[in-house]
Amino acid sequence: FGLSTKSIWTFYPVFPSVTLFLEFWKRRQAELEYEWDTVEFLEQEEQVRPEYEARCYHIVVNEITQKEEHVPYTTCGKCVRMTFCTSAVLFWILLIIASVIGIIVYRLSVFLVFSATLPKHINGTEAIQKYLTPQAATSISASVISFIIIMILNMIYEKVAIMITDFELPRTQTDYENSLTMKMFLFQFVNYYSSCFYIAFFKGKFVGYPGDPVYWLGKYRNEECDPGGCLLELTTQLTIVMGGKAIWNNIQEVLLPWFKNLIGRCCTASRSEMIVPRWEQDYHLQPIGKLGLFYEYLEMGKRAIGFSALWHNLNLKYFSDSIK
């Protein structure tokens, strides 16, 4: 009963939150289409990206119109580009899985060390000895290391995903954003939630039988859950990863631009004592970037999955977005 309850409560927040997000977004999209008079907007009216047009060296015959068209690559070249891009994304996903396996090996090895040394070095009260157990110390340290690896991989892959999409050379800006969204969302979903899925569904399931345990690398016995289940460890993992991610995003998106703008205003005021008009002050603000609000919508999609209702109630992300 405990295992089935854990699985149900792990899956439960996924479907209602995703369904509600999609339905409310469709309603908002219909309202914006009506207000902006783009209900009958046709996709073929969208302009071709300049980066695409600049590479149109090859001439092919359109099978429908029987007219010559300029394209940046042949059919074979397109297959090579798609194969390369898909292989690159799969390589990074496999790199995430390898990092999760490394965290598992870390848990197995460090738990033995904490079990042997931690009770000897704790000289505090009985309450500290009660809560700071080898299992808790292993879980917290592994979650912190997992969070650091997640953020490093995420920062590197953001640049790699843009390079892969530029190499893929989509025709329109919509195709470009759709391709980049697929790459970023797939990677970040696996990156943020793979360790949580391991704890929720795989940890403690392959431990063997009494007298015949399962060993990793021939010497590490496969880790097991507490007698009460892995829910506490899963909560620790989610709290550290999601809480650390929210703090890092606020530092990167709010505090850092505010600090840069403050330095810029101080330098401008020191050079001139004249009253600077408002439009000139806005000109010195931090640029929004060519992708605009792409990362904000991507963040909304990620928060609509899993246990994101906890962070929705805090309204921390919405508060920081309003400041920006």
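Everything below is about the structure printed above this text.
Undergrad: Hey, could you run me through the overall build of the chain in this one?
TA: A tally of regular secondary structure across the chain gives 12 helices and six strands. Each of the 324 residues in the chain was classed as buried or not, and the buried ones make up 31%. Here the analysis covers contacts within the chain between residues at least 6 apart in sequence; of these, 71% occur between residues at least 24 apart. When the accessible surface of the chain is totalled, it reaches about 21,900 Å², and 67% of it is carbon and sulfur.

Undergrad: Would you take a moment to explain the pattern of salt bridges for this structure?
TA: Side chains bearing opposite charge may pair, as long as their charged atoms lie close to each other. Counted under the stated rule, the structure contains six salt bridges. One salt bridge connects Glu51 with Arg49, and the closest N-O pair in it is separated by 3.5 Å. In this structure, Glu168 engages Lys183 in a salt bridge whose closest nitrogen and oxygen atoms are separated by 2.7 Å. One end of the pair, Glu168, is in helix α6 (residues 134-168); the other, Lys183, is in helix α7 (residues 173-202), and 15 residues separate them in sequence. Here Glu168 falls in the buried class, since its relative accessible area comes to 15%. Given the relative accessible area of 8%, Lys183 is considered buried. Connected through salt bridges with shared partners, the residues Arg107, Lys203 and Glu233 form a single ionic network.

Undergrad: Please explain the side chain of Ser141 as it appears in this structure.
TA: With respect to the element layout, Ser141 can be found in helix α6. Note on Ser141: relative accessible area 18%, which makes it buried. From its side chain, Ser141 meets the backbone oxygen of Thr138 in a polar contact 3.1 Å long. Ser141 has contacts with Tyr106 and Phe114, leaving out every residue within four places of it along the chain.

Undergrad: Just to check I follow, could you spell out unusual backbone geometry for this structure?
TA: A positive phi angle, close to 60°, is found at Leu169, a residue other than glycine. By secondary structure assignment, the location of Leu169 is in the loop between α6 and α7. In this structure Leu169 comes out as buried when scored by relative accessible area, which is 4%.

Undergrad: Would you explain α7 in this entry?
TA: Residues spaced three or four apart along an α-helix face the same direction, because each turn holds 3.6 residues. For α7, built from 30 residues, the straight-helix expectation of 44 Å at 1.5 Å per residue is met to within 8% by its first-to-last C-alpha distance of 41 Å. Most pronounced at Tyr193, the bend in α7 amounts to some 50°. Remark: Gly204 follows α7 within two positions and exhibits a positive phi of approximately 80°.

Reading the values: rules and limits
For every chain, the first residue of the written sequence is number 1, and numbering continues from 1 along that sequence. The predicted origin of the model limits local features to residues at a pLDDT of at least 70 and limits the giving and counting of side-chain atom pairs to 80 or more, whereas totals for whole chains, interfaces and linings rest on all residues. Computation of side-chain values covers all heavy atoms of the structure but excludes hydrogens and water. The way it works is that DSSP assigns letters per residue, a run of H or I at least four long becomes a helix, a run of E at least two long becomes a strand, and they are numbered from the N terminus. To sort residues, take the accessible area from a 1.4 Å probe on protein chains only and compare it with the maximum for the residue type: under 20% means buried, over 50% means exposed, and anything in between is partly exposed. Only heavy atoms enter the contact rule, under which two residues are in contact if any of them lie within 4.5 Å. Where accessible areas are quoted, they stem from the Shrake-Rupley method and a 1.4 Å probe; at the residue level, only the protein chains shown are allowed to cover. Any Lys or Arg side-chain nitrogen located within 4 Å of an Asp or Glu carboxyl oxygen qualifies as a salt bridge. Side-chain atoms alone can form a polar contact between residues adjacent in sequence; in general such a contact is a pair of N or O atoms within 3.5 Å, and within protein one must be able to donate a hydrogen while the other accepts it. By this rule, a helix spans an expected 1.5 Å times one less than how many residues it contains. What is called the bend at a residue is the angle between a pair of axes, fitted to the seven residues leading up to and ending at it and to the seven starting from it.

Honestly, that's just the spatial picture; any functional story needs more than this.
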